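As a plain string of letters, each chain reads:
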Amino acid sequence: MTEIPEAHANIFEVLLVCLMQKADMVAAGEDRRTVECSRCGGQLHLALVGARKHLRMACDGGCGMEAME
Ligand SMILES: [Zn+2]
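Here the structure is a predicted model, which is why all the values come from computation and not from measurement.

Draft legend 1. Summary view of the overall build of the chain. When its secondary structure is counted, the chain shows one helix and four strands. Going from N to C terminus, the chain has its helices and strands arranged as α-β-β-β-β. Taken along the three principal axes of its C-alpha coordinates, the chain extends 45 × 25 × 15 Å. Taken over 69 residues, the chain has a buried fraction of 10%. When contacts within the chain are restricted to residue pairs at least 6 apart in sequence, those whose partners lie at least 24 apart make up 23%.

Below is the structure:
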């Protein structure tokens, strides 16, 4: 069995979006925002939750872009 490169690329894409948005949100003092999904063009909802500001991210465009830090 070999690993599937496309799956790895997807994980890196999600992580990259996560980290960039989180840094931007912290810098702007925002705890939630909605941006255009880079994968499907849908609405990507992001929120920083709790004192530790864990990032939650979910797309409502149905592309499966989501993450919970
Ligand atoms: Zn999407």
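Draft legend 2. Spatial organisation of the pairing of strand 1 (residues 32-36). Little of strand 1 is tucked away, with zero of its five residues classed as buried. Where strand 1 and strand 2 (residues 43-49) come together, five bridges link them in antiparallel fashion. Within the sheet, the bridge partner assigned to E36 lies in strand 2 and is Q43. Here strand 1 folds back onto strand 2 in antiparallel fashion, the turn holding six residues, of which G41 has a positive phi close to 85°.

Draft legend 3. A look at the nonpolar core. Counting residues in hydrophobic clusters, the biggest one holds six residues: C37, L44, L46, M57, C59 and M65. Counting residues per element, the ones that place at least two in this core are strand 2 and strand 3 (54-59). Non-local contacts of C59, meaning those with residues more than four positions away in its chain, are made with C37, C40, G42, L44, M65 and E66.

Draft legend 4. How the structure looks around helix 1 (residues 5-28). Counted at 1.5 Å a residue, the expected span for helix 1 with its 24 residues is 34 Å, and the 35 Å between its end C-alpha atoms agrees. Counting buried positions over the 24 residues of helix 1 gives one, only a small fraction of the element. Immediately beyond the C-terminal end of helix 1, within one or two residues, lies G29, with a positive phi of roughly 75°.

Conventions used here
- Residue numbers restart at each chain and count upward from 1, following the sequence in its written direction.
- Totals for whole chains, interfaces and linings use every residue, but because this is a predicted model, local features are given only for residues with pLDDT of at least 70 and side-chain atom pairs only at 80 or more, for both listing and counting.
- Helix numbers and strand numbers start at the N terminus; a helix is a DSSP run of H or I with at least 4 residues, a strand a run of E with at least 2.
- Every C-beta atom is placed from the backbone, and the number of other C-beta atoms within 10 Å of a residue's own sets its class: buried at 20 or more, exposed at 12 or fewer, partly exposed in between.
- Residues are treated as contacting if the C-beta atoms built from their backbones sit within 7 Å of each other.
- Only strands joined by at least two bridges in the DSSP assignment are considered to pair.
- By definition, a nonpolar core groups buried Ala, Val, Leu, Ile, Met, Phe, Trp, Tyr and Cys residues that connect through C-beta atoms lying within 7 Å of each other.
- What a helix is expected to span follows from its residue count: subtract one and scale by 1.5 Å.

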